[in-house]
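# A closer look at the structure
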Amino acid sequence: MANGPLQIKAISGHAGTVPGKNTSRDYDVCKLVDVTTCIGCKACEVACLEWNGYPFRETVFDNTYQTMPDTAWNYYNLIRFNEFTDADGNFSWLMRKDQCMHCADPGCLRACPADGAIVQYTNGIVDFQQDNCIGCQYCVTGCPFNIPKFNTTTKKVYKCTLCSDRVGAGLEPACIKACPTGCLHFGSKDDMKDLAETRAAQLREHTSHKDAGVYDPPGVSGTHVIYVLHDINHPERYGGLPKDPHVPWMVRIWKGPLKWAGNFAMAAGIIGVAAHYLRFGPKEVETEPVEKGGEQ
Amino acid sequence: MNSARWLQWKWAAVPTPGDCKLDQEILARIFLGVRDLYKKEGGKFPDPILNLTWNYTDPKNPPLQDLAKELNGRAVTDFTDSATQQMVKAGQQLAGYAFLRDDGATSSGNWIWCGSWTEAGSLAQRRGTDDPSGLGVYPNWGWAWPMNRRVLYNRASCDLNGKPWDADRRQIWWNEDLKRWVGNDVPDFKPDSAPKDRLGPFIMNPEGVGRLFVPLAGMADGPFPEHYEPFESPVANPLHPKQQNNPVVKKYTTDMDKYGTSAEGYSIICTTYRLTEHYHYWTKNNPMNVQLVPEMFVEIPVELASDLGIKGGERVKVTSARATYLAKAMVTRRIRPMTIDGKKIYQIGLPIHQGFRGIQEDAGRVPRSIANLLSPTVTDPNAYTPEFKGFLVKLEKA
């Protein structure tokens, strides 16, 4: 859905071209998660369940504040907690909201063989369309963040939708609405990137977090969920955020060059057979003298 | 009511589910039952119960409007207010506490709320978003006690001549022409008292100023601030070991009111607190909250857990002189050992939430230990704040 203002196509009695003709004012949306002001209250976990109509589940205590070890087909976002002590003995309790990153170059979409099972909107949201999903789980292989989760009963895969339905109606995602500290922000990618860089600079200049930075990994051409981290050099400390995520080479090759190589091999095979037939004709069965008393 | 003293009337969103009853209905039915028993059976001095005014439109379930009006106060008989010469008829709601009288002509639940429900209606229901001064006063949003004063002692915002100290944040000021205090808030002061008369702004103290030195009539202890150790403490009071605790601390004398010392083995400091995922105790009954924190735990420093051979997730027993508490261990680096007076001292923490009933309790999945049985009921002699956040316990594997 277009999220820009009205665009003029034609102007009466106007000399010259229509200004702005053929430009697009659709913008990419982005969720900014400022890890440095998150208190780990889990309002976002609950808001996501409530908006998507998923039931609350039984959990078990596992020596952590983290609700459960991993996201699930019906539990799209999870705060990951990590008690970390560095080499100098400085202690931090890190907490990071984990969910689909809505990559600009989504590995899930590249790997998926089913027509229409995964779509990417012009605003950057990557959405699963379960009606078209064949349950092959290639998307699980393609995702560098380990996000898509398979439901063994429905045999489909699920993940965070960046509340595409809410965004399509001009609202912010449910998690952002619920966040009490305002550490979650929503807006255009440009604006959110600006906000994130300003915050990271503020941390570097005015606090002890000299390595603060913005996580917007180029290996997947950037993401529509970005983080401000206290320490941009060690994203793995934040519950296993990968340092340099990219679409796996295997998926790239298999869905890219290997397809063409395969097509080429097939075409070459057909042409080769045809050429051989034209040059050498069909295989003739030669009549041989029958040997007396020999094999038939 | 919030911590800025605002009364904000709220409307019920949904009716109560199942057999649930609102507080006022429960209290009303208990009262009517007790009154009936006194009528039938008599008893020692039943007068206050038999003669209690109970004129609500639905005696079994008094509407909150009836209660709010009663708390505000009304005229019991016709009277003329001496200050304003206003005639007030019997049954009329009173406009403010200045109208309250000591001759039985008026009744009011609490003087601080007098003015919240006048003849004009419920001021707590107002939702005016105007803020003409830009100071965030919002004088027409709800009603603040007393008399819609948004900042108490606001006379102190002006100098001795009645001129505001800060020109950008003028709350009230003396108007020489009108010979009154006026401004962006209701003056918390005698409105016609001129600055030259030097009436002090702290009107609740007879001398009109704040106090550093507190006469004994003002506080149960004093006259100066002092340091006392909690009643159960592992160290001697560094200021004066011979007077460890507050000599006028309030204690009780039931058989649960026992205290432990380090010498008896209660050598670990215990504190209690809440989690953001919870709201007091009733979120034990909400599947959403129970999902986020499935059961209560004791937060134990890594070093102490290692000393006692306790692993995260194991059940542990916390014992005070009063009770025991069972929960799972959360072994963490967030709580560190302390060195006090040369001794290594450990602290553990209990988020409070489990009780006798709840989703997990009813399913038999948690031990039903109550944090408040563990802590001592020793209270501050002035504010009656109990010492639930600093006491001594033993810790072991369960």
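Residues numbered from 1 in each chain as written. Chains lettered and ligands numbered in written order. Predicted model: local features only at pLDDT ≥ 70, side-chain atom pairs only at ≥ 80, totals over all residues. Heavy atoms only, no water.

This paragraph deals with the overall build of chain B. On a plain count of helices and strands, chain B comes out with seven helices and 18 strands. Taking 2.2 N^0.38 as the reference for a compact globule, 398 residues should give roughly 21 Å; the C-alpha atoms of chain B span a radius of gyration of 28 Å, well beyond that estimate. Across its three principal directions, the C-alpha atoms of chain B cover 80 × 60 × 45 Å. Counting across all 398 residues of chain B, residues that qualify as buried make up 39%. Restricting to contacts in chain B with at least 6 residues of sequence separation, those with at least 24 account for 55%. Entry remark: accessible area of chain B is about 23000 Å², with carbon and sulfur atoms responsible for 56%. A distance of 3 Å separates the average location of the 49 positive side-chain charges in chain B from that of its 45 negative side-chain charges. (Helix = DSSP H or I, 4+ residues; strand = E, 2+ residues; numbered from the N terminus. Rg over C-alpha atoms; globule rule 2.2 N^0.38 Å. Buried < 20%, exposed > 50% of the residue type's maximum accessible area, 1.4 Å probe, protein only. Contact = heavy atoms within 4.5 Å. Areas by Shrake-Rupley, 256 points an atom, 1.4 Å probe, with all protein chains shown as cover. Lys, Arg positive; Asp, Glu negative; His and termini not counted. Charge placed at Lys NZ, Arg CZ, Asp CG, Glu CD.)

With that settled, the discussion passes to the overall build of chain A. Scanning chain A from N- to C-terminus turns up eight helices and ten strands. On C-alpha atoms alone, chain A measures out to a radius of gyration of 27 Å, which is more than a quarter above the 19 Å that the 2.2 N^0.38 rule sets for 296 residues. The principal-axis extents of the C-alpha atoms in chain A amount to approximately 100 × 75 × 40 Å. Across the 296 residues in chain A, those meeting the buried criterion constitute 42%. Taking the contacts inside chain A whose residues are at least 6 apart along the sequence as the reference set, 56% of them involve residues at least 24 apart. On chain A, roughly 16800 Å² of surface is accessible, and the fraction owed to carbon and sulfur atoms is 56%. For chain A, the centre of its 29 positive side-chain charges and the centre of its 33 negative side-chain charges are spaced 4 Å apart.

Residues and elements named next belong to chain B. In terms of nonpolar packing, the biggest core is built from 69 residues, with V298, I300, V318, Y325, I348 and L395 touching the most fellow members. The element best represented in this core is strand β14 (residues 324-332), accounting for five residues. In this structure I348 touches I268, I269, C270, T271, V298, E299, I300, P301, L304, V318, V393 and L395, once residues within four positions along its chain are discounted. (Core = buried A, V, L, I, M, F, W, Y, C linked by side-chain atoms within 4.5 Å.)

Here we come to the domain arrangement of chain B. According to the domain assignment, chain B consists of domain 1 (18-123) and domain 2 (250-397). On a C-alpha basis, the centres of domain 1 of chain B and domain 2 of chain B stand 43 Å from each other. (Domains from an automatic or database assignment.)

Moving on, we get to helix α1 (residues 43-52) of chain A. Helical geometry: 3.6 residues make up each α-helical turn, so side chains three or four residues apart lie on a common side. Along α1(A), the positions that sit buried rather than exposed are A:C44, A:E45, A:V46, A:A47, A:C48 and A:L49. Where the residues of α1(A) are buried, they touch β2 (78-85), β3 (91-98), α5 (174-178) and β8 (184-188) of chain A together with α4 (287-292) of chain B.

With 24 residues of chain A at the contact, the number on the chain B side is 23 residues. Here chain A and chain B share an interface that buries about 1900 Å² over both sides, 59% of which is from carbon and sulfur atoms. Among the residues of chain A in contact with chain B, A:F61, A:N63 and A:Y65 are the three that bury the most area, contributing 37% of the side total. Among the salt bridges present, the one from B:E277 reaches A:K42, with a minimum N-O distance of 3.6 Å. Elements that contribute at least two residues to the side of chain A that touches chain B include exactly α1, β2 and β3 of chain A. Tallied by class, the residues present in the side of chain A that touches chain B amount to twelve nonpolar, six polar and six charged. (Buried area = accessible area lost by both parts, 1.4 Å probe. Salt bridge = Lys/Arg side-chain N within 4 Å of Asp/Glu carboxyl O. Nonpolar A, V, L, I, M, F, W, Y, C, P; charged D, E, K, R; others polar.)

What follows concerns the side chain of B:T271. All names here are of chain B. In this structure, T271 sits in strand β11 (residues 268-273). Only 2.9 Å separates the side chain of T271 from the backbone oxygen of K389, close enough to count as a polar contact. Residue contacts for T271: discarding those within four places in its chain leaves Q347, I348, G349, L350, F388 and K389. (Polar contact = N/O pair within 3.5 Å; in protein donor to acceptor, adjacent residues only side chain to side chain.)

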